[in-house]
Amino acid sequence: MVAAVGRHIAGAVVAWVVFTVEGLACYLLLLGYALVTDAGAGGPLAGPVMVLVAALAGLVLVPPVVVPAGVVAELTGRRRGGLAGTLAAAGVAGALTLLAVVGAALLDGGSPLGFAVACVVGVLLVLPPTLTHVGIVRGAREVPRLLARLRRTGAAGTEPPPVPTR
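Residues numbered from 1 in each chain as written. Predicted model: local features only at pLDDT ≥ 70, side-chain atom pairs only at ≥ 80, totals over all residues. Heavy atoms only, no water.

Trainee: Now, about the overall build of the protein: what can you tell me, with residues and values included?
Mentor: Helix and strand counts for the protein come out as four helices and zero strands. For the protein, the α and β elements follow one another from N to C terminus as α-α-α-α. Taken over the C-alpha trace, the protein has a radius of gyration of 22 Å; the compact-globule value for 166 residues is 15 Å, which it surpasses by more than 25%. Dimensions of the protein, computed from C-alpha atoms along their principal axes, come out at roughly 80 × 40 × 25 Å. Here the protein, with 166 residues, has 23% of them falling under the buried criterion. Put simply, of all contacts in the protein between residues at least 6 apart along the chain, 77% involve residues at least 24 apart. Roughly 10800 Å² of accessible area belongs to the protein as shown, and the carbon and sulfur atoms make up 75% of that amount. Here the protein contributes 11 positive and 6 negative side-chain charges, whose respective centroids are spaced 21 Å apart. (Helix = DSSP H or I, 4+ residues; strand = E, 2+ residues; numbered from the N terminus. Rg over C-alpha atoms; globule rule 2.2 N^0.38 Å. Buried < 20%, exposed > 50% of the residue type's maximum accessible area, 1.4 Å probe, protein only. Contact = heavy atoms within 4.5 Å. Areas by Shrake-Rupley, 256 points an atom, 1.4 Å probe, with all protein chains shown as cover. Lys, Arg positive; Asp, Glu negative; His and termini not counted. Charge placed at Lys NZ, Arg CZ, Asp CG, Glu CD.)

Trainee: I'd love a proper account of the nonpolar core, names of residues and values included.
Mentor: The biggest cluster of nonpolar side chains holds 12 residues, and these are Ala 12, Ala 15, Phe 19, Val 62, Val 65, Val 66, Ala 69, Ala 73, Ala 89, Ala 93, Val 126 and Val 134. Elements supplying a minimum of two residues to this core: helix 1 (2-36), helix 2 (46-80), helix 3 (82-108) and helix 4 (112-153). Element by element, the count of residues in this core is highest for helix 2, at five residues. Setting aside residues up to four positions removed in sequence, Val 65 forms contacts with Ala 93, Leu 96, Thr 97 and Val 126. (Core = buried A, V, L, I, M, F, W, Y, C linked by side-chain atoms within 4.5 Å.)

Trainee: Let's hear about a nonpolar patch on the surface: which residues, and what values?
Mentor: Together, Met 1, Val 5, Ile 9, Val 13, Trp 16, Val 17, Val 21, Leu 52, Leu 56, Leu 59 and Val 60 make up a nonpolar patch on the protein surface, roughly 1100 Å² of accessible area in all. Contributing elements (two or more residues each) for the nonpolar patch: helix 1 and helix 2. The element best represented in the nonpolar patch is helix 1, accounting for six residues. With respect to the element layout, Ile 9 can be found in helix 1. (Patch = residues over 30% accessible without salt bridge, like charges linked within 9 Å, V, L, I, M, F, W, Y side chains within 5 Å. Salt bridge = Lys/Arg side-chain N within 4 Å of Asp/Glu carboxyl O.)

Trainee: Please set out helix 3 residue by residue, giving values where relevant.
Mentor: A rise of 1.5 Å per residue sets the reference length of helix 3, with its 27 residues, at 39 Å; its end C-alpha atoms lie 39 Å apart and thus fit the reference within 8%. Along helix 3, the residues that are buried comprise Gly 85, Thr 86, Ala 89, Ala 93, Gly 94, Thr 97 and Val 101. Along its buried surface, helix 3 packs onto helix 2 and helix 4. (Expected span 1.5 Å × (residues − 1).)

Trainee: I'd like to hear about the pattern of salt bridges, residue by residue, with values.
Mentor: Under the definition given, this model contains three salt bridges. Here Arg 7 makes a salt bridge to Glu 74, at a shortest N to O gap of 2.8 Å. Within this pair, whereas Arg 7 is found in helix 1, its partner Glu 74 is found in helix 2, the two being separated by 67 residues in sequence. No difference in accessibility class separates Arg 7 from Glu 74, as the two residues are buried. Between Glu 74 and Arg 78 there is a salt bridge, with its nearest N and O atoms 3.4 Å apart. With Glu 74 and Arg 78 both in helix 2 and four residues apart, this pair spans about one turn of that helix.

Trainee: Could you give me a rundown of the packing of helix 1 against helix 4, with the residues and numbers involved?
Mentor: Following both chains from N to C, one finds helix 1 and helix 4 inclined at 150°, their axes separated by 8 Å at the closest point. By the criterion of interaxial angle, the relationship of helix 1 to helix 4 is roughly antiparallel. For the element pair helix 1 and helix 4, the recorded crossing hand is right-handed. Contacts between helix 1 and helix 4 involve Arg 7, His 8, Ala 10, Gly 11, Ala 12, Val 14, Ala 15, Val 18, Phe 19, Glu 22 and Cys 26 from the first element and Leu 125, Val 126, Pro 128, Pro 129, Thr 132, His 133, Ile 136, Val 137, Ala 140 and Arg 141 from the second. Among the residues making up the contact of helix 1 with helix 4, the classes are represented as 14 nonpolar, four polar and three charged. (Axes fitted to C-alpha atoms, helices over the stretch in contact; angles between N-to-C directions. Parallel < 35°, antiparallel > 145°, perpendicular 65-115°, else oblique. Left-handed = near helix turned anticlockwise from the far one by under 90°. Nonpolar A, V, L, I, M, F, W, Y, C, P; charged D, E, K, R; others polar.)

Right, here's the structure in full:
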């Protein structure tokens, strides 16, 4: 149980880092668009503020969206296989993100087109951290098995090759 919680904490931390990197990537895309269209670049604090907003969004979204999707992926992957677990995680993360966007839209009262765009962008932005979390959790389960197999077989590559005799 402790190992499973540790795997999910490690996955959540890496998913948060992915959210932060997505914020930097979005800023760079917006900066490139601003340079191509001769629009304003947003000032000297635009990049750090965008990365900070992405990091805060990651802190808010990882526990209620990404971690439950990772748990569903682990449980589904045990019974149905890794691909089914990954697809289940993507579905759960997408559904939870849509619920969050619907809640925000009801509070904001924006336009239907803005709501649709927010749904699509929200789901697309939550998928990379979710898939990263699933990969970290699955990889953390496989590393001890791989190390145990290497120990049983004599740690491949540590023994000198046999000397040919005549």
